[in-house]
Amino acid sequence: MSSLNSTVLPHVPFVRPQFFYINGLSDIPHVKYYYIFLCFVFIVTVLGNSFIMFIISMEQSLHTPKYVAVFHLAVVDMCGSTALIPKMIEAFLFDSQFISYEGCLANMFFVHFFTSLQSLTIVVLAYDRFVAICFPLKYHIIITIAGMGEILTGIWILAAGITMAAVGFTTRLSFCKSIVVNSYFCDHGPMYRMSCNDNSPNNVIAKISITILLVAPLALILSSYISIILALLRIASMEERLRAMKTCTSHLMLVAVFYLPISAIYIAANFTTIEPNTRIISTSLSSTMPPMMNPIIYTMKTEEVMKAVRKLCKRNKTIKLRRNQ
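**A short note on helix α6 (residues 145-170)**
(1) Moving on: Between the first and last C-alpha of α6 there are 38 Å, a value that for 26 residues agrees with the 38 Å anticipated at 1.5 Å per step.
(2) Moving on: Those residues of α6 not exposed but buried are G147, M148, L152, I155, A159, A160, I162, T163, A166, V167 and T170.

**Some thoughts on the pairing of strand β1 (residues 19-22)**
(1) Moving on: Two strands pair when backbone bridges link them, and β1 and strand β2 (residues 98-100) are joined in this way by three bridges, in the antiparallel orientation. Opposite F19, over in β2, you have S100 as the bridge partner.
(2) Moving on: For β1 and strand β3 (residues 180-181), the ladder comprises two bridges, and the chain directions are parallel. Note on β3: the bridge partner recorded for I22 is V181.

**Section: the nonpolar core**
(1) Moving on: Among the nonpolar cores identified, the biggest contains 73 residues, and F20, Y35 and M191 are the most heavily contacted of them.
(2) Moving on: At 15 residues, the largest contribution of residues to this core is made by helix α3 (residues 65-93).
(3) Moving on: Leaving out residues up to four positions away in the same chain, Y35 has contacts with L25, M88, I89, F92 and L93.

**Some words on a nonpolar patch on the surface**
(1) Moving on: Together, Y127, F135, I141, I142 and I151 give the surface a local cluster of nonpolar side chains, amounting to about 440 Å² of exposed area.
(2) Moving on: In this structure, I142 sits in helix α5 (residues 139-142).
(3) Moving on: For I142, a relative accessible area of 36% translates into the label partly exposed.

Conventions we followed
Residues numbered from 1 in each chain as written. Predicted model: local features only at pLDDT ≥ 70, side-chain atom pairs only at ≥ 80, totals over all residues. Heavy atoms only, no water. Helix = DSSP H or I, 4+ residues; strand = E, 2+ residues; numbered from the N terminus. Expected span 1.5 Å × (residues − 1). Buried < 20%, exposed > 50% of the residue type's maximum accessible area, 1.4 Å probe, protein only. Pairing = 2+ DSSP bridges. Core = buried A, V, L, I, M, F, W, Y, C linked by side-chain atoms within 4.5 Å. Contact = heavy atoms within 4.5 Å. Patch = residues over 30% accessible without salt bridge, like charges linked within 9 Å, V, L, I, M, F, W, Y side chains within 5 Å. Areas by Shrake-Rupley, 256 points an atom, 1.4 Å probe, with all protein chains shown as cover. Salt bridge = Lys/Arg side-chain N within 4 Å of Asp/Glu carboxyl O.

Okay, structure coming up:
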C-alpha cells in the first residue's frame, strides 16, 4: 500500500491522479463473506422496494400525497443501493479496487446524492404526519399531490446543489499525498483529507451538509413529534389517541433505522478515535440496511399497505378462478 501512497511526487504543485484505490476493509479474515452478505442485502432491497412501488402504483386507494412520498422513498432507496452496493461487490469480491478519477467523482456524487434524498424524504413524511394529526380538518387543503410533488422537487434541487458543491470543490484538490481512499467508496470526507492543498472549502461544505442533512432533519422531526404529542394530549379518547399514534409507527421506525446509526457514528467520531475497519463497517451498514428495511417496515406496519396487498391478492385469486371456470 505504501507504493500506492508514493506514486505521486510531493513537489508537484497540482496533481490530479488518473485513478484512486478504494481500500475498504483490511486485515480482516473471511472479509469476503461480508460483501456476500451485502449482495443479499442488495437483492432484498431491490425486491422490497419494487414491491412497494408496484403496490402503490396498482392500488387506487394509495394514490395520496403520503404514498407519493413513500413511493419516492422507495425509488431513492433502490437508486442509492444501486449506486453503492454493486460497485462495492465489484471492487472487493472481484479485486477491482482501482477506479478512475472521473468514475470516483461520479461514485461520490450519486452515493451522497441519494443518501441526502433519503434523509430529506423522511423529513417530508414527518411533515405529512404533523399536518395529518395537528391539522386534520385542513390536511387535504395543505397536503395535496401537486404540493407534495413541488416539495419533492425542492428536495431534489437542495440535495443536488449540496452534492454538486462537494464534488465541485473536490475537483480543485491536489492529491499529491496519496491515492488510497480509506473507505468503501469514494467518500467525500476521507478524500478531501488526502489532499495537499487548501481543502477548507470542502471542510465547510462537509459541515454544511451535516447540518442540513442530519442535524436540521432530526431537529425538525423532533419538533414535529413534540407538536404531535401535544395535539394528542388534547384528544379526550385514549382509543383515538392510540389510533392516531399508530399512523406514526412506521415513520418512527424509519427515523430510528436511518438516523440513529448515522448519529451514533458522528457522535463517536467527535469524542473518540474510531478504528478504520469499525468505521467502515458501521457506515456501510448504516448506508445499506435502511433501504432494505424501509419497504419491510411499510408493508408490515402500515395498515393501508396491508389492506392493499390483501385486496390485490384477492383480485388475483378471483381472476384465476374465472380463467379456470
